[in-house]
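A structural walkthrough
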Amino acid sequence: MTASKPAIARDGGLSLQQQRQKAAFWFLAPMLIALFCVAAWPLLRTVWFSLTDTSLNNLYGGKWIGFDNYLRVQTLSNGTVRYKGTLVDPAWWNAVWNTLRFSVVSVVCETVLGLIVALVLNAEFKGRGLVRAAILIPWAIPTIVSAKMWAWMLNDQYGILNDMALNLGLISSKIAWTATTDTAMYAVLMVDIWKTTPFMALLCLAGLQMVPRDIYEAAKIDGINPVKVFFKITLPLIRPALMVAVIFRMLDALRIFDLIYVLTPNSAATKTMSVISRENLIEFDKFAYGSAQSTLLFAILAVFVSLYIWLGKVDLSGEGGK
Amino acid sequence: MSSGFKNRALRSVAAVALVSALGTPVMAEEIFYVSGSVGKAVENFKTLVKPWEDATGNTVTIVPMPASTSDQFGQYRLWLAAGATDIDLYQTDVIWAPQLADHFVDMSEAAKDLAPTHFPSIIESQTVAGKLVALPIFTDAPALYYRKDLLEKYGVAVPKTWDELTAAATTIQEGERAAGKGDFWGYVWQGNAYEGLTCDALEWVKSFGGGQIVEADGTISINNEKAVKALETAAGWVGTISPEGVLAYGEEESRGVWQTGNAAFMRNWPYAYTLGNGDDSAVKGLFDVTTLPVGAAGDTSAATLGGWNVAVSKYSKHQDVAISLALYLAGPEAQKARAISESALPTIVALYDDADIAAAQPIIPQWKEVFLNAVPRPSAPTLGKYNEVSSKFWSAVHETLSGNGSAADNLAGLEADLADLKGDAW
């Protein structure tokens, strides 16, 4: 056993492996410090705030109140017992439900559409580079700008969408897209899908380009029909890339804020977890309560991603199945 | 704002050099004033402060904010909580004083001569525990805008009750649509779920005799038959005389429909008067204003008290200069200029008898009557919880208007929510 070790040992008793690890640590340190400052510290502070009675007028004077912002039992003077706190707040659960509905519908649509777009772009045709660049435009526009733009397009009186649909005879009267509770969620979904499909398409395209051409040639020689080729060859081979893309999108969708804040800020039909926690943090005098909701949002995201990685056996390390 | 600081520093250096050359002992400062931008407020502000800039040698830079008061409030609260020194003066809504009082300078001493010339009720609304938090620069009370030409064309009288308004709007809308104007609507107002809906709905409830949500002594009065009737009336307008999209309208959206000549009636603030008479307006010279209708003959008209004030940040590094600007903006000279250029209602009592204002804006003396019927939002009794009260109120109203639940059910729910929120005391 000892005979094999001295071969790689160097002065100071550190092996080459150990030296490399040490060097790597120093190279990583600045990034770790930066991450701690911009991610871990604010997160820990939010968790701390959620356990106090801090208000925005007095950020440093909060007192520890334990889990009262999450759940507490109140006994009224007439003897009735009731539960208060975020965990029994119907507005919060409405927001959770809205967020989940939004995330699932938007991510499914974006994945399917993105895959279709990627398959088209993966084909050889003239001007492919130009089309690939052009399709990214919706994703490149800042969300606030595109949301404002869509708000005008969706406007009931001057909106171009109503005008076109009326002229084509698709609708009989102008629809107030963002105003009515029935259509508000569709309006938000429509804009989000328009905006993020290109992102999905790009990630899918990257996956498609990794698939070796000779497999397709073999399938062609064997005369397999294209639909079967897609489900038996393409899909399994791009699955890892697709899973990662879906995680990215899901994380984004679960914390959606800007689009809804611009399009339908106060509609209970579209209010998401981020929107409601901001409302409590800033608009209402309930900074600690809003922090509790932010903490729950983080917890939900964490649970969701862990479940997804575990169930889908997604490999995020990039080392394949070694 | 680091380049702002640099500029500021450079300008101060330049000013010092200039001043020492001229031998005048004045130090020029650059201060920052933040304000929401509705209509032409931002453009007019530069002209408005010019005399003060010339007299003192200081300069003011306006930082424009979104038109939505809820958005402004969120941003201001963050800046103030962080103790930001970049902004010296804040233009604040009449309802914010109790919520932001801690962050502003007490101006009762500086304004001891000026304050008594204002309407006492407005000064009182800006006084929190003996501290004068902000100085009023103009007040606001909405009115009913109507198209003189169309009322005459269809032989309808100016409506006095909400039912008359509904009937008149229906007649005109049907007539105009038959004449080929497919996008014509009877009545436009502010129905989006935001602070503006609280104002609109408070007027309906109050003018039906249904109280003012939370009374001055803190009792929750919103769940009553008259309030239910008021909301049912308003819900009946959506999709009939008002477009369904009114449920997403703020002030500017309703003004858009009105000013392009597509509405017979509009509920809006005085700023829309000057803009409606602008050269690019399709309704120039064709409209007039009156008090908002009442529920039934015998009720009194109600107009939500709006209005804007100027507050000096406790964290400002130029407090003396900022206070000087606040006094100027709240003073007679600036209020008169603002009344003439923007039809903004003065808060100084004497200005309602001013001949120049009466000549330039004949509606302002008329508006004194609207203003006398003004009803305050319950920001004083509900203190720091006002925003949440307002949000719960506008949500219940918005639900009713959208047809989710009846007015009676939604108001009963609202009453329970407000009682919960109130707890033992506001």
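Residues numbered from 1 in each chain as written. Chains lettered and ligands numbered in written order. Predicted model: local features only at pLDDT ≥ 70, side-chain atom pairs only at ≥ 80, totals over all residues.

Section: helix α10 (residues 251-259) of chain B
Residue and element names in this part refer to chain B. Taken across its nine residues, α10 has seven buried, putting it largely inside the fold. Three or more residues of α10 are buried, namely Glu-251, Glu-253, Ser-254, Arg-255, Val-257, Trp-258 and Gln-259. Check the buried side of α10 and you find it contacts β7 (143-147), β8 (185-188), α8 (195-207), β9 (263-268) and α11 (271-276). In the segment just after α10, Gly-261 is the residue with positive phi, at about 80°. (Buried ≥ 20, exposed ≤ 12 C-beta atoms within 10 Å, placed from the backbone. Helix = DSSP H or I, 4+ residues; strand = E, 2+ residues; numbered from the N terminus. Contact = placed C-beta atoms within 7 Å.)

Let's talk about the pairing of strand β1 (residues 30-36) of chain B
Residues and elements named next belong to chain B. The buried fraction of β1 is high, at seven of seven residues. Of the two faces of β1, the one carrying Glu-30, Phe-32, Val-34 and Gly-36 and the one carrying Ile-31, Tyr-33 and Ser-35 are both buried. Judged from the seven bridges that link them, β1 and strand β2 (residues 59-65) form a sheet pairing that is parallel. In the strand pairing of β2, Phe-32 is matched with Thr-61. The sheet contact formed by β1 and strand β3 (residues 89-93) spans two bridges and is parallel. The residue of β3 that forms the bridge with Tyr-33 is Leu-89. (Pairing = 2+ DSSP bridges.)

Remarks on the environment of Trp-139 of chain A
Residues and elements named next belong to chain A. Its location among the elements puts Trp-139 in helix α4 (residues 137-140). Linking Trp-139 and Asp-192, residues 53 residues apart in sequence, is a C-alpha distance of 9.8 Å. Other than its neighbours up to four places away in sequence, Trp-139 contacts Lys-195, Thr-196, Pro-198 and Phe-199.

Comments concerning the interface of chain A and chain B
Across the contact, 17 residues belong to chain A and 23 residues belong to chain B. Counted by class, the side of chain A that touches chain B contains seven nonpolar, seven polar and three charged residues. (Nonpolar A, V, L, I, M, F, W, Y, C, P; charged D, E, K, R; others polar.)

Overview of the sheet that holds β1 of chain B
Residue and element names in this part refer to chain B. Taken in spatial order, the five strands make up an open sheet running β2-β1-β3-β12-β6, and their pairing is mixed. What marks the edges here is a single partner per strand, and that holds for β2 and β6 (135-138). Across the sheet, the mean angle separating the axes of adjacent strands is 30° when strand polarity is ignored. Looking at chain direction, β6 and strand β12 (residues 308-312) are connected through three bridges and run antiparallel. Opposite Pro-136, over in β12, you have Asn-309 as the bridge partner. (Axes fitted to C-alpha atoms, helices over the stretch in contact; angles between N-to-C directions.)

Topic: the sheet that holds β7 of chain B
Residue and element names in this part refer to chain B. Taken together, the four strands give an open sheet; going across it, the order is β8-β9-β7-β10, and neighbouring strands pair in mixed fashion. Whereas interior strands pair on both sides, the edge strands pair on one side only; in this sheet they are β8 and β10 (287-290). On average, each strand axis in the sheet is inclined to that of its neighbour by 15°, with strand direction left out of account. Taken together, the three bridges between β8 and β9 define a ladder with parallel strand orientation.

Comments concerning the domain arrangement of chain B
Residues and elements named next belong to chain B. By the assigned domains, chain B splits into domain 1 (2-140 + 306-375) and domain 2 (143-305 + 379-422). Computed over C-alpha atoms only, the centres of domain 1 and domain 2 are separated by 29 Å. With 25 residues of domain 1 at the contact, the number on the domain 2 side is 29 residues. Among the secondary structure elements, those contributing two or more residues to the side of domain 1 that touches domain 2 are α3 (69-81), α4 (97-100), α15 (363-372) and β13 (374-375). Looking at side-chain class alone, the side of domain 1 that touches domain 2 contains twelve nonpolar, ten polar and three charged residues. (Domains from an automatic or database assignment.)

Some details on the nonpolar core
Grouped together as the largest cluster of nonpolar side chains are 164 residues, with contacts concentrated most on Cys-204 of chain A together with Leu-89, Tyr-145, Tyr-187, Val-188, Phe-265 and Ala-326 of chain B. Ranked by residues supplied to this core, first place goes to helix α7 (residues 181-208) of chain A with nine residues. Each residue touching Phe-265 of chain B, except ones within four places of it in the same chain, is listed here: Leu-144, Tyr-145, Tyr-146, Leu-165, Ala-169, Gly-186 and Tyr-187 of chain B. The next biggest cluster of nonpolar side chains, apart from the first, holds eight residues, and it includes Phe-49, Phe-287, Ala-288 and Tyr-289 of chain A. (Core = buried A, V, L, I, M, F, W, Y, C linked by C-beta atoms within 7 Å.)

Brief notes about the domain arrangement of chain A
Residues and elements named next belong to chain A. Partitioning chain A into structural domains gives domain 1 (11-50) and domain 2 (90-312). One C-alpha centre belongs to domain 1, the other to domain 2; they are set 34 Å apart. Facing the five residues of domain 1 at the interface are seven residues of domain 2.

Description of the environment of Ala-118 of chain A
Residues and elements named next belong to chain A. Here Ala-118 shows up in helix α2 (residues 90-122). As for Ala-118 and Asn-280, which are separated by 162 residues in sequence, their C-alpha atoms are 41 Å apart. Apart from the residues lying within four places of it in its own chain, the contact partners of Ala-118 are Ala-201, Cys-204, Leu-205 and Leu-208.

Some remarks on the UniProt feature "domain: ABC transmembrane type-1" (unreviewed entry) in chain A
Here the UniProt feature "domain: ABC transmembrane type-1" (unreviewed entry) sits at residues 96-308 of chain A. Across residues 96-308 of chain A, helical content stands at 77% and strand content at 0%; the span's end C-alpha atoms are separated by 18 Å. (UniProt positions renumbered as here; feature names shortened; annotations may be inferred.)

Regarding the pairing of β10 of chain B
Along any regular strand the residues' side chains alternate between the sheet's two faces. All names here are of chain B. Here β10 shows one buried face, formed by Phe-287 and Val-289, and one open face, formed by Asp-288 and Thr-290. Where β7 meets β10, four bridges bridge the pair, whose relative direction is antiparallel. Residue pairing in the sheet places Tyr-145 in a bridge with Val-289 of β10.

Description of the UniProt feature "transmembrane region" (unreviewed entry) in chain A
Residues and elements named next belong to chain A. Within this structure's numbering, the places UniProt gives as "transmembrane region" (unreviewed entry) are residues 23-44, 100-121, 133-153, 184-208, 229-251 and 287-311. With 100% helix and 0% strand, residues 23-44 has end C-alpha atoms that lie 29 Å from one another. With 100% helix and 0% strand, the stretch residues 184-208 has end C-alpha atoms that lie 35 Å from each other.

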